[in-house]
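# Fold and geometry: a report
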Amino acid sequence: MIHTGRHFLQIPGPTNVPDRVLRAMDAPVIDHRSPEFAALGKEVLDGVREVFQTKGPVVMYPASGTGAWEAALVNTLSPGDRVVLFETGQFSSLWRGVAEKFGIQVDYVPGNWRRGASAADLEARMAADRGHAIKAVMAVHNETSTGVTSRIPELRRALDKAQHPALLLVDTISSLASIDYRHDEWGVDVTIAGSQKGLMLPPGMSFNAISEKALRATESARLPRSYWDWQEMLKPNRSGFFPYTPPTNLLYGLREALKIMREEGLANVFKRHDRYAEATRAAVRAWGLEIVCEEPREYSSSLTAVFTPEGHDADKLRAVILENFDMSLGAGLGKFAGKVFRIGHLGAFNDLMLAGTLCGVEMGMRLAGVPHKEGGVMAALSSLATAGKKSEPVAAAR
Ligand SMILES: Cc1ncc(COP(=O)(O)O)c(C=O)c1O
């Protein structure tokens, strides 16, 4: 089938890259040892801290998010260290795999993939660990495979109540710059993020925001590290440089993306994502389908994962939608393969893009013979019309 117009990229990342960002990247590569580069490097290294809501350092790797997972571990832990990680979905399971390959002992707390990390469970575990054998708690803030957002401040409070010194490592790959997240205020030690989701950039760059406590942990951490070594990064970063060749054009893009986010105001960015998530859930309920996330306080604002009715293959539905309407939706991952499809509503996205996305799902369900009730799109439009003002003046939002 010949497709015209623009592809709808509605997977939960990589997300649509705004034209402004694409244009900003369409520029000559400059010498990465030049004063011009140092000015760019300083501007983005400094500016990106606003998005993490931190005053501490943020390092950037020319790598996908998986690299930043590894970096968080090798800079803070030693072989044989024990950590706690909650099973929230496919990404917690992949992160566990990375840790275990480094000889880290993971207490993997079982979960049903429909709920976030349990603060009560964490508090009990940490209180029982009187000898402080557990060195870190790892959590995926927004589980991209399920559309469930864990409540990180509650995990922090659980650690504090148990008076446990373990580090808190949080993956925000599909939440940063889409869902409210506060590295400093929430007492997170390492925040892991990627370029290709809320930050509205192409894939290829990832981040570690680092607390003072995490930085001190590097002094005793004995896992081997070279490319990921924070100390090697932080030295040249002070003057805007990198220890190796940086992804120069992605940094041009990041500079523009930061400008776009500043213009909208971070608080408005979060509200916009909340609105789209609410409207999407209104559509799903009206269709009579089931949302994967079971706990309303943990609904994700960056994506919604939906079960197809029993006996109806979610991958077939996605294929029909791609073929007929040129729209990509996220596949069900791991144990949800074929059972779930995921609607990404994050990044550079607006009301009409959401309306188009949901129209594509509804038309696709008709074509694919997936049983559903009429009226999902209408329910979403009503939700958008009634879900409050789109945004507030930037000054008020800050
Ligand atoms: C929550 C989460 N963590 C980790 C990753 C892995 O990141 P990457 O594929 O960029 O290596 C992803 C990718 O989608 C993700 O959504």
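For the structure itself, consult the block above.
Source: prediction; values computed, not measured. (Residues numbered from 1 in each chain as written. Predicted model: local features only at pLDDT ≥ 70, side-chain atom pairs only at ≥ 80, totals over all residues. Heavy atoms only, no water.)

## As for the overall build of the chain
Scanning the chain from N- to C-terminus turns up 14 helices and 14 strands. On C-alpha atoms alone, the chain measures out to a radius of gyration of 21 Å, which is about the 21 Å that the 2.2 N^0.38 rule sets for 398 residues. With the principal axes as the frame, the chain shows a C-alpha extent of 60 × 55 × 40 Å. Relative to its 398 residues, the chain shows a buried fraction of 58%. Restricting the contact set of the chain to residue pairs at least 6 apart, pairs at least 24 apart contribute 74%. Total accessible area on the chain is roughly 16000 Å²; 54% of this is exposed by carbon and sulfur atoms. The average position of the 46 basic charges and that of the 45 acidic charges among the side chains of the chain differ by 2 Å. (Helix = DSSP H or I, 4+ residues; strand = E, 2+ residues; numbered from the N terminus. Rg over C-alpha atoms; globule rule 2.2 N^0.38 Å. Buried < 20%, exposed > 50% of the residue type's maximum accessible area, 1.4 Å probe, protein only. Contact = heavy atoms within 4.5 Å. Areas by Shrake-Rupley, 256 points an atom, 1.4 Å probe, with all protein chains shown as cover. Lys, Arg positive; Asp, Glu negative; His and termini not counted. Charge placed at Lys NZ, Arg CZ, Asp CG, Glu CD.)

## Quick notes on the packing of aromatic side chains
One pass over the structure, following the stated rule, counts 11 aromatic pairs. Relative to Trp 186, the ring of Tyr 181 has its centre 5.3 Å away and its plane inclined at 80°; by these criteria the two rings are edge-to-face. Seen from their ring centres, Tyr 276 and Phe 349 are 5.4 Å apart, and the 90° between their planes marks the pair as edge-to-face. Of this pair, Tyr 276 sits in helix H10 (residues 266–287) while Phe 349 sits in the loop between strand S14 (340–344) and helix H12 (351–368), and the two are 73 residues apart along the sequence. An aromatic cluster of at least three residues, connected via ring pairs, comprises Tyr 61, Tyr 227, Trp 228 and Tyr 244. (Phe/Tyr/Trp six-rings, centres within 6.5 Å; stacked < 30°, edge-to-face > 60°.)

## A short note on the environment of Glu 123
When you line up the elements, Glu 123 lands in helix H5 (residues 119–128). Along the backbone, Glu 123 and His 164 are 41 residues apart, and their C-alpha atoms lie at a distance of 9.2 Å. The contacts of Glu 123, once residues within four sequence positions are left out, are Ala 158, Lys 161 and Ala 162.

## Remarks on the nonpolar core
Counting 88 residues, the largest nonpolar core has Met 60, Trp 95 and Phe 207 as its most contacted members. Ala 283, Leu 317, Ile 321 and Val 361 belong to the second largest nonpolar core, which has 28 residues in total. (Core = buried A, V, L, I, M, F, W, Y, C linked by side-chain atoms within 4.5 Å.)

## Structural notes on the pairing of strand S5 (residues 134–140)
When you tally the buried positions in S5, you get 6 out of 7 residues, the bulk of the element. Summarising the sheet, strand S3 (residues 82–86) and S5 pair through 4 bridges and their orientation is parallel. The partner of Leu 85 across the bridge, within S5, is Met 138. Of the strand pairs in this sheet, S5 and strand S8 (residues 167–171) are connected by 5 bridges, and their pairing is parallel. In the sheet register, Ala 139 faces S8, and the bridge partner there is Val 170. (Pairing = 2+ DSSP bridges.)

## Topic: the environment of Thr 76
As for its position among the elements, Thr 76 is in the loop between helix H3 (65–74) and S3. Between the alpha carbons of Thr 76 and Ser 34 there is a distance of 32 Å; along the sequence they are 42 residues apart. If we skip the residues at most four places from it in the chain, Thr 76 touches Leu 167, Leu 169, Val 190, Ala 214, Ala 217, Ala 221 and Trp 230. At a separation of 2.7 Å, a polar atom in the side chain of Thr 76 contacts the main-chain carbonyl oxygen of Ala 72. (Polar contact = N/O pair within 3.5 Å; in protein donor to acceptor, adjacent residues only side chain to side chain.)

## Description of the site of the ligand
Taken together, the neighbourhood of the ligand is formed by Ser 64, Gly 65, Thr 66, Trp 69, Phe 91, Val 140, Asn 142, Thr 144, Asp 171, Ile 173, Gln 196 and Lys 197. A distance of 2.6 Å is found between an oxygen atom of the ligand and a side-chain nitrogen or oxygen belonging to Thr 66. Here a nitrogen atom of the ligand sits 2.6 Å away from a polar atom, N or O, in the side chain of Asp 171. Protein contacts shield 85% of the accessible area of the ligand, which totals 390 Å² for the unbound molecule. Here the residues of the shell around the ligand sort into 4 nonpolar, 6 polar and 2 charged. (Near = heavy atom within 4 Å. Nonpolar A, V, L, I, M, F, W, Y, C, P; charged D, E, K, R; others polar.)

## With respect to the sheet that holds strand S11 (residues 290–291)
Here we have 5 strands laid out as an open sheet, ordered S1-S13-S14-S12-S11, and mixed in their pairing. Edge positions in the open sheet fall to strand S1 (8–10) and S11, since each of these has one partner strand only. Lying over the sheet, helix H11 (residues 314–325) contacts strand S13 (327–331) and S14, oriented at roughly 165° with respect to S13. (Axes fitted to C-alpha atoms, helices over the stretch in contact; angles between N-to-C directions.)

## Topic: the pattern of salt bridges
This structure, assessed with the given rule, holds 26 salt bridges. Asp 315 is the salt-bridge partner of Arg 318, the closest N and O atoms lying 3.4 Å from each other. Here Arg 318 pairs with Asp 315, and both are found in helix H11, just 3 residues apart, close to one helical turn. Exposure remark for Asp 315: the relative accessible area of 30% places this residue in the partly exposed category. Salt bridges sharing partners connect three or more residues here, namely Arg 20, Glu 256, Lys 259 and Glu 263. (Salt bridge = Lys/Arg side-chain N within 4 Å of Asp/Glu carboxyl O.)

## Things to note about the packing of H5 against helix H6 (residues 152–161)
Running from amino to carboxyl end, H5 crosses H6 at an angle of 25°, the nearest separation of the two axes being 8 Å. In terms of axis orientation, H5 runs roughly parallel to H6. The handedness of the crossing between H5 and H6 is right-handed. For the pair H5 and H6, contact is made by Ala 119, Leu 122, Glu 123 and Met 126 and by Glu 154, Leu 155, Ala 158, Leu 159 and Lys 161, respectively. Here the residues of the contact of H5 with H6 sort into 6 nonpolar, no polar and 3 charged. (Parallel < 35°, antiparallel > 145°, perpendicular 65-115°, else oblique. Left-handed = near helix turned anticlockwise from the far one by under 90°.)

## Things to note about the pairing of strand S9 (residues 190–194)
S9 sits mainly inside the fold: 5 of its 5 residues count as buried. Residues Val 190, Ile 192 and Gly 194 point to one face of S9 and Thr 191 and Ala 193 to the other, with burial holding for every one of them. Summarising the sheet, S8 and S9 pair through 3 bridges and their orientation is parallel. In the sheet register, Leu 169 faces S9, and the bridge partner there is Val 190. Where S9 and strand S10 (residues 206–210) come together, 5 bridges link them in antiparallel fashion. Bridge pairing in S10 places Gly 194 opposite Ser 206.

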